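Chain and residue survey
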Amino acid sequence: MMGKDKREEIIKTISENTILNYQALDLLLGKYIGGGVYRDVFEYAPNPAYVIKVAKEEKGFISNVKEFDFWEEISWFKNESSWVKDWFAPVKEMSSNGSFLIMQKTEVKPKKKRPSEIPCFIEDYHSENFGWIGNRYVCHDYGSQINFTGKISKKLKRSYHEL
């Protein structure tokens, strides 16, 4: 296994060399899926079952870090709180500075298959923030819109397409 110092040296070399930088990104970024104001989303070339979210600016870095931190927190939920993680696309990993985030890919399915209610702690429940992983309807864009205040509530609200 490569030592941390050597790894950092190689990363620095790649980041300072435009050709190597381009080649590294070419290996990671698959088909462009979409994006928003702060991030672009691509299929993750090494494994198309995942996406890679690329920060465009500071708020994109922050969104990636928030998604990563939130997933890390809820992935440990057990027993009566374990249902919470069923509402979110799992995060696989994130680059050290938040530039890149790798998340399980979701699918778009017809509106009629969406649940009529979602948990109240999901604040931005616009349909573009959700997709399907198997039979689970999950939020895949939660970097700026989760509101846990105190105890996790099972209280539901009507989903966006129902309003």
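Up top is the structure.
Below is a short write-up of the structure. Just so you know, the residues in each chain are numbered from 1, in the order the chain's sequence is written. Only residues with pLDDT of at least 70 are given local features in this predicted model, and only at 80 or more are side-chain atom pairs given and counted; all residues enter the totals for whole chains, interfaces and linings. Calculated side-chain values reflect all of the structure's heavy atoms, with hydrogen atoms and water omitted.

Moving on: the side chain of Thr106. Here a helix means four or more residues in a row that DSSP labels H or I, a strand means two or more in a row labelled E, and each is numbered from the N terminus. Structurally, Thr106 is set in the loop between strand 5 (100–104) and strand 6 (117–119). Relative accessibility under 20% of the residue-type maximum defines a buried residue, over 50% an exposed one, and the middle range a partly exposed one, all with a 1.4 Å probe and only protein chains included. With relative accessibility at 18%, the residue Thr106 sits in the buried group. Side-chain polar atoms of Thr106 contact the side chain of His140, separated by 2.8 Å. Those residues in contact with Thr106, other than ones at most four positions away along the chain, are Ala89, Gly131, Trp132, Ile133, Val138 and His140. We define a polar contact as two N or O atoms separated by no more than 3.5 Å, with the added condition that, inside protein, one atom must be a possible hydrogen donor and the other a possible acceptor, whereas residues neighbouring each other in sequence contribute only through side-chain atom pairs. The criterion used for residue contact is that any of the two residues' heavy atoms lie within 4.5 Å.

Moving on: the pattern of salt bridges. By definition here, a salt bridge exists when the distance from a side-chain nitrogen of Lys or Arg to a carboxyl oxygen of Asp or Glu is within 4 Å. One pass over the full model with this rule turns up eight salt bridges. The closest approach of N and O atoms between Asp40 and Lys56, which form a salt bridge, is 3.4 Å. With Asp40 in strand 2 (residues 39–44) and Lys56 in the loop between strand 3 (50–55) and helix 3 (58–74), this pair connects stretches of sequence that are 16 residues apart. Three or more residues are tied together by salt bridges with common partners; here these are Arg39, Lys53, Glu67 and Asp141.

Here the focus is the pairing of strand 1 (residues 29–35). With four bridges joining them, strand 1 and strand 2 adopt antiparallel strand pairing. Bridging from a neighbouring strand, Tyr32 pairs with Phe42 of strand 2. We treat two strands as partners when DSSP finds at least two bridges between them. Between strand 1 and strand 2, which pair antiparallel one after the other, the connecting turn spans three residues.

A separate point is helix 3. Residue count minus one, scaled by 1.5 Å, sets the expected span of a helix. Taking 1.5 Å of rise per residue, 17 residues should cover 24 Å, and helix 3 covers 24 Å from first to last C-alpha, within 8% of that figure. Check the buried side of helix 3 and you find it contacts strand 2, strand 3, strand 4 (91–94) and strand 5.

Before going further, it helps to spend a moment on the sheet that holds strand 2. What the five strands build is an open sheet, ordered 1-2-3-5-4; its pairing is antiparallel. Each end of this open sheet is capped by a strand with a single partner; those strands are strand 1 and strand 4. Sheet twist, expressed as the mean angle between neighbouring strand axes with direction ignored, is 25°. As paired strands, strand 3 and strand 5 are joined by five bridges and run antiparallel to one another. Among the inter-strand pairings, Val51 is bridged to a residue of strand 5, identified as Met103. Throughout, an axis means a line fitted to C-alpha atoms (over the contacting stretch in the case of helices), and angles, computed between N-to-C directions, take values from 0 to 180 degrees. On the sheet, helix 3 packs against strand 2, strand 3, strand 4 and strand 5 and is oriented at approximately 130° with respect to strand 4.

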